[in-house]
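Observations on the model geometry
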Amino acid sequence: MIALGCDHGGYKLKKAVIKYLEENNIEYKDFGTYSEESCDYPIYGKLAANAVASGECDKGIIICGTGIGISITANKIKGIRAALCHDVFSAKATREHNNANMLAMGARVIGEGLAIEIVKAFLGTEFSNDERHIRRINMIED
Ligand code: RB5
């Protein structure tokens, strides 16, 4: 189950992500926002991050205008490793190295086509389970 969250700036891109998830039978829970009306990204970043941190959802995808505000928000929640990615290499690497459990993107930074490729890379890449990466992730948690 994928937790989704966005603000007004990320709403349209979230709809494109939802289309991709539905076409690929990937379950999701959408924590809002549900329109392009101006709103505050910390509300939706926190809701989606809490769902991942509690185990209700396995991973999360959060979107705002830049991806920055919503990723900063999510990373305040214990257990969340939200990676702001605007390229496919980073999306793959953050799964392999950081075991990132949330992907953040900026809808005003990249187009839908690239965003979907980033989502595919993020959801399709497993954590390496490499000892040195586990050690570093544990250091983050500490
Ligand atoms: C909203 O205008 C914008 O500030 C927000 O989407 C995001 O870019 C914040 O980091």
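The paragraphs below set out a description of the structure included in this document. Computed from a prediction, not measured in an experiment: that's the story for all the values here.

1. Side note on the overall build of the chain
- Per the secondary structure count, the chain includes six helices and five strands.
- The N-to-C order of helical and strand elements in the chain reads β-α-β-α-β-α-β-α-β-α-α.
- In terms of its C-alpha atoms, the chain occupies a principal-axis envelope of roughly 45 × 25 × 25 Å.
- The 142 residues of the chain split such that 49% are buried.
- A sequence separation of at least 24 residues applies to 68% of the contacts in the chain between residues at least 6 apart.

2. Let's talk about a nonpolar patch on the surface
- Among the surface-exposed residues, Ile-68, Ile-72 and Leu-84 lie close enough to one another that they form a single nonpolar patch of about 250 Å² accessible area.
- Mapped onto the elements of the fold, Ile-72 is located in helix H3 (residues 68-74).

3. Let's talk about the side chain of Arg-81
- As for its position among the elements, Arg-81 is in the loop between H3 and strand E4 (82-84).
- For Arg-81, a relative accessible area of 15% gives the class buried.
- In this structure the side chain of Arg-81 is engaged in a polar contact, spanning 3.0 Å, whose partner is the backbone oxygen of Asn-99.
- With sequence-adjacent residues up to four places away left out, Arg-81 is seen in contact with Asn-75, Asn-98, Asn-99, Ala-100, Asn-101, Met-102, Ile-137 and Glu-141.

Rules used in this analysis
Residues numbered from 1 in each chain as written. Predicted model: local features only at pLDDT ≥ 70, side-chain atom pairs only at ≥ 80, totals over all residues. Heavy atoms only, no water. Helix = DSSP H or I, 4+ residues; strand = E, 2+ residues; numbered from the N terminus. Buried < 20%, exposed > 50% of the residue type's maximum accessible area, 1.4 Å probe, protein only. Contact = heavy atoms within 4.5 Å. Patch = residues over 30% accessible without salt bridge, like charges linked within 9 Å, V, L, I, M, F, W, Y side chains within 5 Å. Areas by Shrake-Rupley, 256 points an atom, 1.4 Å probe, with all protein chains shown as cover. Salt bridge = Lys/Arg side-chain N within 4 Å of Asp/Glu carboxyl O. Polar contact = N/O pair within 3.5 Å; in protein donor to acceptor, adjacent residues only side chain to side chain.

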